[in-house]
Every structure is written in C-alpha cells, then in structure tokens.
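Structural overview
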Amino acid sequence: MGTRPRVVLGVGGGIAAYKACEVLRGLTETGHDVRVVPTASALNFVGAATFEALSGHPVNTGVFTQVPEVQHVRVGQEADLVLVVPATADLLARAAHGLADDLLTNTLLTARCPVAFFPAMHTEMWEHPATQANVALLRSRGAVVTEPDSGRLTGKDTGKGRLAHPQEIVDLARLLLARPDALRRDLEGLRVVVSAGGTREPLDPVRFLGNRSSGKQGYALARVAAQRGAEVTLVAAHTAALPDPAGVHLERVSTAAELEGAVNAAAAKADVVVMAAAVADFRPTERAEHKIKKKDDGSAPTVTLARNPDVLAGLVERRRPGQLLVGFAAETGDEHGSVLDHAHKKLKRKGVDLLVVNAVGEGRAFEVDENTGWLLSADGAERRIPMGAKSELATTVWDAVSELLRDGERRQ
Ligand code: CTP
C-alpha cells in the first residue's frame, strides 16, 4: 500500500470543537494521517493533549513554534485534504479575506489540495449577509463550504447552523480524497427527491414482511446532492442507524403505500427523482388487528399477498416536462441472460432516464459500505461504476444527471 493520505484537520473556536475529536478518530481509524491545527480559541474548548494523543502528532496554533521546519508553509503544502471542523463565522471571514495571523489561516493559504469547511454557528450568524457573502466568495474560489444541519444548537434554541454529523464529515472527507470535484455546486436551484431504505408490510401489530435494504445508498445520494446545492427531500423507509444528512428535508415512511404518497407529493414539484428505496412488490392482503396466535392443532396460517403499486412506473406516467427519473435494479444473472442483459431490458421496460444496476448476491450491495455496478442511460450508453464508497456511486449518478440537464438546456 502507498503512503497514507495526509489530512489537515483545522479546528475553529466553537462549542462543536468537541465533535472534531470524533472526526479525527474516524479518519485515523480508516488509515489517514491526520495533523490537527486548532485556532487558539479552539483550545478553550478541547485541550491540545486530546488532539495530540488522538492524532499522534504535536499540535501548535501559532507560526512561532518549530520555526526551522517552516511549518506555516509546509503543513498546507504537504496536505492531500484540508478540513475545517467546525468553521466558525470568524474563521470563514478570515479565510475569505486571506488573513494569515495563525498557523491554520497560513495553512489555508498554502494548501493546493481540496479544502472543505464544515460550518457551525447560531442561525443568525449563518444567515447574516456578511457570512453568506464570505461563503459565496470561498465557494467561488473552489473551496467546499458544506450546508450546516438544522436542529438543536447550543442551549435551547434550534435552527440552521448545527455541525454536520461527524460520521457524515468523515464520509465527505473520504469522498473528496477519492473524487476532488465531487462536491462542486452544479445542482443549485434543482429540486430533488430521493427514496431510501426498505418498506415494511404489516401482517399483524408485531410482524411484517421486510427486506435487507440499509438505506445507505439512498442517504449517500441525498447527502451528495444537498452538498452540490440541490434542495433535497429524502423519503426514508426503514434503514440501519444512519445520521440524518445535513441540509436535507427528511420524511419518514413505513409501508410501500406511505412511500408512494410521500414520493408522489414531493415529485409533483421536483426536477429529478431517484428511486433508491427497496419497495416491497407484495403486501399481505389483510392486516390482522390482533397478534396472530398459534393454533392448538399445529397448523400454520396461510398468508395471501396482493401486488403493491410500482411507484417508479407511476412517476414515469405522470412525468413533468423535463423531469429526470432514475431507477435502481438489483440483478443476478440467470439462464436467460447476464446481469447487464436483464438491466438493459429493464431500462427499456421502466422508461427511466438512468438506471443504476447492482449485481446482488454473495454479500454484495446490501448492508455494506461499498458498492459497484453499471449506470445505463436511455440512449444505450453504459458506464461501469468501480467498487467504491456509496458516496462515490452517488457522485457518478449526480455527474450523469448534471450532464443530462446540461444537454437538455443546450437543446432548448
Ligand atoms: N420500485 C418501485 N415500486 C415498486 C418496486 C420497485 O418504485 N413497487 C422501484 C425501485 O425503487 C427501483 C426499481 O423500481 O428503483 C426497481 O425495479 P424492479 O423492477 O422492482 O426491480 P427488481 O426488484 O429488481 O424487479 P424484478 O423482480 O422485476 O427484477
């Protein structure tokens, strides 16, 4: 294996600085060499000893320590990725204006690798025109400034300005190392709907028919779209324990019927709909009001199933002009054809613009963090999606969507 990717973790002086420790842990555990560069005020929240112990590197805030090593230039030059967690309003302002009054701001000026800021502050500070102008300036120069989450802030207030979940920050950091341009803001102004997870069809108050979908792929699609600037509604059926993606409107559903209702309502105003959910094709015809009991004669009940609506087929029928529809297909090859033969037929049958094809079976695709497959377009184009994180597959899908939208604009 080559050298470990070098990540600089800048830490700003906000209460969310304690979450930077979890980000640090997540990165070192996945094989990254992390150098922590806090601001002096960050050390009011977390001590240097914590960062030194977790990173295995000395921690300085100023430019007048280890002077012979020319740290103020070298730390930035040698990095493969610079993250700022949390990015306070003050730090965004200093970065936007090119100030260089401590080691972190010097590092931001010398870095030639991707730089990503993860903001955390009170809603008023985030919404202030000064902060918004600084964010726009940093983005216009190619830096990533992620959307903060909404929710509980320090104290009792809630609103926009919460730091993205540490697990999500680690995921986006790894995505930027693999695909440096993955989070460019090319989906601004677009309304996007993503469905995720597996539906549950109840048999009685305690039992259901379900499936093994974890929702990880759908969540990755929603997360990447939101960070590329789209307004995202995520309709989530049952999933593994996953952090809510920052900056995404989340609607929870359980059954296929509920999912259909939520997706259709959101799709009526959407530019793009991605159906990544594993929707049950069948449901028990009847839902018992009380728990079904065992019978003394040893017999087992018979369950009759009814067909569920095909949500994607309904979307194709009611498609708005210019709306793009993306489907997923889980395939195993059989005696009638390979995975790709089946997938090409499905693309035609379904009438979608893009079809993501996963080869399933043997521990692939379900409940795991990596995914591979093909992306097929309605014009017959076929691209292989190499094995990689689900956020990387999501990036391939949004790249293709972005290309189709640009082609559509050119034709108009
Ligand atoms: N889908 C849907 N409504 C359903 C079932 C599936 O919208 N009731 C969507 C899924 O979200 C996915 C695509 O349709 O985007 C999958 O298509 P489908 O033909 O159901 O795929 P498979 O489950 O692979 O079907 P088959 O058994 O026919 O191969």
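1. Brief notes about the overall build of the protein
Regarding its fold elements, the protein presents 13 helices and 19 strands. When its C-alpha atoms are laid out on the principal axes, the protein stretches across 80 × 60 × 45 Å. Taken over 412 residues, the protein has a buried fraction of 50%. A total of about 19800 Å² of accessible surface is found on the protein, and carbon and sulfur atoms cover 51% of it. When the 49 positive and 51 negative side-chain charges of the protein are each reduced to one mean point, those points stand 1 Å apart.

2. Digging into the domain arrangement of the protein
By a widespread convention, an interface's size corresponds to the accessible area lost as its parts come together. What the domain assignment reports for the protein is domain 1 (6-178) and domain 2 (191-411). Put simply, the middle of domain 1 and the middle of domain 2, counted by C-alpha atoms, are 35 Å apart. Opposite the 12 residues of domain 1 that make contact, domain 2 presents 12 residues. A combined buried area of about 1000 Å² lies between domain 1 and domain 2, and 57% of that area is made up of carbon and sulfur atoms. The tally of links between domain 1 and domain 2 comes to two salt bridges. Its salt-bridge partner being R223, residue E168 comes within 2.8 Å of it at the nearest N-O pair. With six residues, helix α8 (residues 166-178) is the single largest residue contributor to the side of domain 1 that touches domain 2. Within the side of domain 1 that touches domain 2, the residues separate by chemical class into five nonpolar, three polar and four charged.

3. Quick notes on the sheet that holds strand β4 (residues 115-119)
What the five strands build is an open sheet, ordered β2-β1-β3-β4-β5; its pairing is parallel. At either end of the open sheet lies a strand with only one pairing partner, and these are β2 (33-38) and β5 (144-145). With six bridges joining them, strand β1 (residues 6-11) and β2 adopt parallel strand pairing. Bridge assignment links R6 to a residue of β2, and that residue is D33. Contacts between helix α1 (residues 17-29) and the sheet are confined to β1, β2 and β3 (81-87), with β1 contributing the most and set at about 175° to the helix.

4. Here's the deal with the layout of surface pockets
Gaps between atoms show up when a probe of the same size as a water molecule is rolled over them. Empty space within the largest pocket amounts to approximately 970 Å³. A277, A278, V279, F328 and A330 are, among the 40 residues lining the largest pocket, the residues nearest its centre. Of the pockets and cavities examined, the second largest pocket occupies roughly 650 Å³. Lining the second largest pocket are 26 residues, with Q167, D171, R174, D369 and A389 positioned closest to its centre. Of all elements in the fold, only α1, α8, α9 (216-227) and α13 (390-411) reach the threshold of two or more residues within the lining of the second largest pocket. For the lining of the second largest pocket, the element with the highest residue contribution is α8, accounting for nine residues. Class assignment for the residues of the lining of the second largest pocket results in 10 nonpolar, six polar and 10 charged. Mapped onto the domain boundaries, the lining of the second largest pocket takes at least three residues apiece from domain 1 (6-178) and domain 2 (191-411).

5. Looking at the nonpolar core
If you look at soluble globular proteins, the nonpolar side chains tend to sit buried side by side. Core analysis: the biggest nonpolar cluster contains 68 residues, and L83 and W398 have the highest contact counts within it. Here this core gathers at least three residues from each of two domains, domain 1 (6-178) and domain 2 (191-411). Ignoring anything within four residues of it in the chain, the contact list for W398 reads L187, V192, V194, L221, V224, A225, R228, V272 and V274.

6. Re empty space enclosed by the protein
Applying the stated criterion across every chain, the model contains one cavity of 30 Å³ or more. In this model, the largest cavity occupies a volume close to 30 Å³. For the largest cavity, the full set of lining residues is R139, A143, V144, V145, T146, L183, R185 and Q227. Here the lining of the largest cavity is composed, by residue class, of four nonpolar, two polar and two charged.

7. What about the pattern of salt bridges?
Scanning all chains against the criterion turns up 26 salt bridges. For the salt bridge of R252 with D244, the shortest nitrogen-to-oxygen distance reads 3.2 Å. Here K350 makes a salt bridge to D310, at a shortest N to O gap of 3.0 Å. Taken as a pair, K350 in helix α12 (residues 339-350) and D310 in the loop between β15 (305-307) and α11 (311-317) lie far apart in primary sequence, 40 residues in all. Look at D310 and you get partly exposed, because its relative accessible area is 40%. A single network of salt bridges, built from pairs that share partners, joins R179, D181, R184, D186, R228 and D399.

Parameters at a glance
Residues numbered from 1 in each chain as written. Predicted model: local features only at pLDDT ≥ 70, side-chain atom pairs only at ≥ 80, totals over all residues. Heavy atoms only, no water. Helix = DSSP H or I, 4+ residues; strand = E, 2+ residues; numbered from the N terminus. Buried < 20%, exposed > 50% of the residue type's maximum accessible area, 1.4 Å probe, protein only. Areas by Shrake-Rupley, 256 points an atom, 1.4 Å probe, with all protein chains shown as cover. Lys, Arg positive; Asp, Glu negative; His and termini not counted. Charge placed at Lys NZ, Arg CZ, Asp CG, Glu CD. Domains from an automatic or database assignment. Contact = heavy atoms within 4.5 Å. Buried area = accessible area lost by both parts, 1.4 Å probe. Salt bridge = Lys/Arg side-chain N within 4 Å of Asp/Glu carboxyl O. Nonpolar A, V, L, I, M, F, W, Y, C, P; charged D, E, K, R; others polar. Pairing = 2+ DSSP bridges. Axes fitted to C-alpha atoms, helices over the stretch in contact; angles between N-to-C directions. 1 Å grid on protein atoms, 1.4 Å probe; cavity = no way out; pocket = protein on both sides within 12 Å on 5 of 7 lines; lining within 4 Å. Points joined across faces, edges and corners; volume = space filled by probe spheres on them. Core = buried A, V, L, I, M, F, W, Y, C linked by side-chain atoms within 4.5 Å.

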